[in-house]
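Tertiary structure, described
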Number of protein chains: 2
Amino acid sequence: MSKIYVVGIGPGACEQMTIRAVKVLERCDVIVGYTVYVDLIREHFAGKEFLTTPMTREVQRCEMAFAEATKGKTVAMICSGDAGVYGMSGLMLEIGAAYPQIEVEVVSGVTAATAGAAVLGAPLNHDFAVISLSDLLTPWETIERRLLCAAAADFAVVLYNPSSKKRQDYLKKACDLMLRYKSSETICGIVSHIGRDGEDMQLYTLEELRDIPVDMFTTVFIGNSRTKVMNGKMVTPRGYQI
Amino acid sequence: MSKIYVVGIGPGACEQMTIRAVKVLERCDVIVGYTVYVDLIREHFAGKEFLTTPMTREVQRCEMAFAEATKGKTVAMICSGDAGVYGMSGLMLEIGAAYPQIEVEVVSGVTAATAGAAVLGAPLNHDFAVISLSDLLTPWETIERRLLCAAAADFAVVLYNPSSKKRQDYLKKACDLMLRYKSSETICGIVSHIGRDGEDMQLYTLEELRDIPVDMFTTVFIGNSRTKVMNGKMVTPRGYQI
């Protein structure tokens, strides 16, 4: 039976890959992915066949992977971060319904939420919610409801895709919604280019965050009511008595 | 300056560690951790000094790490999964405030949410919330509010620590709360012993899940309103048109 692995390569370069992900890629004939991610790992997997599509061509990229597997090749579809957090695992399993002879296995990786959290300190060390601000595939009303409920429940919140050229004010809109329930003094952090050259982090209050320009290479963290700054790090305590 | 790394070793054995985590452990003199986790990696890091404490002795375990670093040693505090998701990174940074001469760096890993998701298929491929059912450090009222808000917002939900000897009915209580907003037909999944011998997964409806006995080695996934079963896998679509 032909096999496709959907592999999360972690947020940065190869150091953030798991040993299992490396072994799986070494075993594959073909590595398929978004051009930028394939270029991140190409030099480490010499001799493989590489196939890429640009962003927004996700369905075409999946079909390409199944076409290669149908030829009898072992295929890896790579994703940045984890394959199952806004990654390709869902779409691959949906499209895979038409290819019952091809087995699809998901290989998890470190996602930007936990990798970015490590850069900031420990912002997600209690219950948290993960929300994408991209409304390409999700109605904004759904995103809005989730932001409000997450804030009302005092979750720490991680925002993926906080901005793009067409959505420059979305982070401000998200902050304003959360400010209905969260204090303006809530500790927040942003991390850019996680695990890559130029990795950077900054801490803000929620009031300050609403005016910060961010791009699509940034992950945003909003603390819960107990989140604090300790030695320049963002820390959400679990509640141990010390 | 002495240094302590707080290292997530992933959910299972060494295959789920990142390359960076392996390199960091190789560089350390002392590896500190909960006895069970240290035993998982001991054979792969021969020649290191190992120090362990049992569960519930987390503060003592952290103090042990700082005592070793104070002697000039390079120390790794290891955690299962990711160091920052119900892991030791927060407590280490809190206790570290008393040791300004010791640098603490967090090294992220694959957490049970994404590793378990990979076993089930793609249950977290849209916005999701992570909630621990343990009320050792968190009032049950807070947990209850978060379960209700997460269900009201139609998040997919991951439950850590769904049960223990003293809390055998907590998963049932959590399901009953979520059933106020989520359909009884909502697709759910459980994964046991992720990445370890005996790894197992099962799918249920939310109505069925409330009567399923689980233990502390199980991670529980509750879908959103669009989650479906495809070829025996749990899939939460992102919304692509296919």
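Source: prediction; values computed, not measured. (Residues numbered from 1 in each chain as written. Chains lettered and ligands numbered in written order. Predicted model: local features only at pLDDT ≥ 70, side-chain atom pairs only at ≥ 80, totals over all residues. Heavy atoms only, no water.)

Quick look at the sheet that holds strand β5 (residues 102-107) of chain B now. Residue and element names in this part refer to chain B. Spatially, β3-β2-β4-β1-β5 is the arrangement adopted by the five strands of the open sheet, whose pairing is parallel. Single-partner strands in this sheet number two, and they are β3 (49-53) and β5. Between one strand axis and the next, the sheet turns by 20° as a mean value, whatever way the strands run. In the sheet, strand β1 (residues 2-8) pairs with strand β4 (residues 75-79) via five bridges, with the strands oriented parallel. Residue pairing across strands places Val7 opposite Ile78, the latter belonging to β4. Across the sheet, helix α1 (residues 19-27) lies against β1, β2 (30-34), β4 and β5, angled at about 140° from β1, the strand it touches most. (Pairing = 2+ DSSP bridges. Helix = DSSP H or I, 4+ residues; strand = E, 2+ residues; numbered from the N terminus. Axes fitted to C-alpha atoms, helices over the stretch in contact; angles between N-to-C directions. Contact = heavy atoms within 4.5 Å.)

Judged by side-chain polarity, Met55, Met216 and Phe217 of chain A come together as a nonpolar surface patch covering roughly 280 Å² of accessible area. Residue class for Met55 of chain A comes out partly exposed when judged on its relative accessible area of 39%. (Patch = residues over 30% accessible without salt bridge, like charges linked within 9 Å, V, L, I, M, F, W, Y side chains within 5 Å. Areas by Shrake-Rupley, 256 points an atom, 1.4 Å probe, with all protein chains shown as cover. Salt bridge = Lys/Arg side-chain N within 4 Å of Asp/Glu carboxyl O. Buried < 20%, exposed > 50% of the residue type's maximum accessible area, 1.4 Å probe, protein only.)

Next up on the list: the relation of the copies chain A and chain B. Think of it as a corkscrew move, a rotation about one axis and a shift along it, taking one chain copy to the other. Once chain A is rotated about the relating axis by 180° and shifted along it by 0.0 Å, it coincides with chain B to within an RMSD of 0.0 Å. Here the copies are linked by what is in effect a two-fold axis. Comparing contact sets, 100% of the residues at the interface of chain A also lie at the interface in chain B, consistent with an isologous, same-surface contact. (Least-squares fit on C-alpha atoms with pLDDT ≥ 70 in both.)

When pLDDT is averaged across chain A, the result is 95; 100% of the residues are at 70 or more. Predicted complex metrics record ipTM = 0.97 and pTM = 0.97. (pLDDT = per-residue confidence, 0-100.)

This part is about helix α5 (residues 112-120) of chain A. All names here are of chain A. Within α5, nine of the nine residues are buried, which leaves the element mostly enclosed by the surrounding structure. All of the buried residues in α5 are Ala112, Ala113, Thr114, Ala115, Gly116, Ala117, Ala118, Val119 and Leu120. Looking one or two places after α5, you find Gly121, whose phi comes out positive at around 135°.

This next bit is on the side chain of Arg167 of chain A. Residue and element names in this part refer to chain A. Relative to the helices and strands, Arg167 resides in the loop between β8 (156-160) and α7 (170-178). Within the buried set, Arg167 has no salt-bridge partner at all; the shortest N-O distance to an opposite charge, 4.4 Å, is to Asp135. When neighbours within four sequence positions are excluded, Arg167 is seen to be in contact with Leu133, Ser134, Asp135, Asn161 and Pro162. (Lys, Arg positive; Asp, Glu negative; His and termini not counted.)

Residues and elements named next belong to chain A. The strand order across the open sheet built from three strands is β6-β13-β12, with neighbouring strands paired in mixed fashion. The open sheet terminates on both sides in strands that have one partner only, identified here as β6 (121-122) and β12 (228-230). When β12 meets strand β13 (residues 233-235), the two strands line up antiparallel, connected through three bridges. Within β13, the position partnered with Lys228 by the bridge is Val235.

The extent of an interface is frequently quoted as the accessible surface area lost upon association of the parts. Taken together, the 68 residues of chain A in the interface contact 68 residues of chain B. Of the roughly 6,100 Å² buried between chain A and chain B on both sides combined, carbon and sulfur atoms contribute 57%. A salt bridge links Arg146 of chain A to Asp127 of chain B, with the shortest nitrogen-to-oxygen separation between them at 2.9 Å. Taken together, chain A and chain B are joined by 36 residue pairs in polar contact (both at pLDDT 80 or more). Among the elements that line the side of chain A that touches chain B, the one with the most residues is helix α4 (residues 89-96) of chain A, at seven residues. Partitioning the side of chain A that touches chain B into residue classes produces 34 nonpolar, 21 polar and 13 charged. (Buried area = accessible area lost by both parts, 1.4 Å probe. Polar contact = N/O pair within 3.5 Å; in protein donor to acceptor, adjacent residues only side chain to side chain. Nonpolar A, V, L, I, M, F, W, Y, C, P; charged D, E, K, R; others polar.)

A few words now on the environment of Ile9 of chain A. Residues and elements named next belong to chain A. Looking at the secondary structure, you find Ile9 in the loop between β1 (2-8) and α1 (19-27). Using a relative accessible area of 1% as the deciding quantity, one classes Ile9 as buried. Sequence-wise, Ile9 and Val38 are 29 residues apart; in three dimensions their C-alpha atoms are separated by 10.0 Å. Those residues in contact with Ile9, other than ones at most four positions away along the chain, are Gln16, Met17, Tyr37, Ile41, Ile78, Cys79, Ser80 and Gly81.

Of note, Asn161 of chain A is a non-glycine position whose phi angle comes to about 45°, a positive value. Locating Asn161 of chain A in the fold gives a position in the loop between β8 and α7.

For the structure on display, the rule yields zero disulfides over all chains. As a non-bridged cysteine, Cys188 of chain A has Cys175 of chain A as the owner of its nearest cysteine sulfur, 6.4 Å distant. A relative accessible area of 0% places Cys188 of chain A in the buried class. Lacking any disulfide linkage, Cys149 of chain B is separated from the closest cysteine sulfur, that of Cys149 of chain A, by 5.6 Å. Take Cys149 of chain B: its relative accessible area is 14%, and that puts it in the buried class. (Disulfide = S-S within 2.5 Å.)

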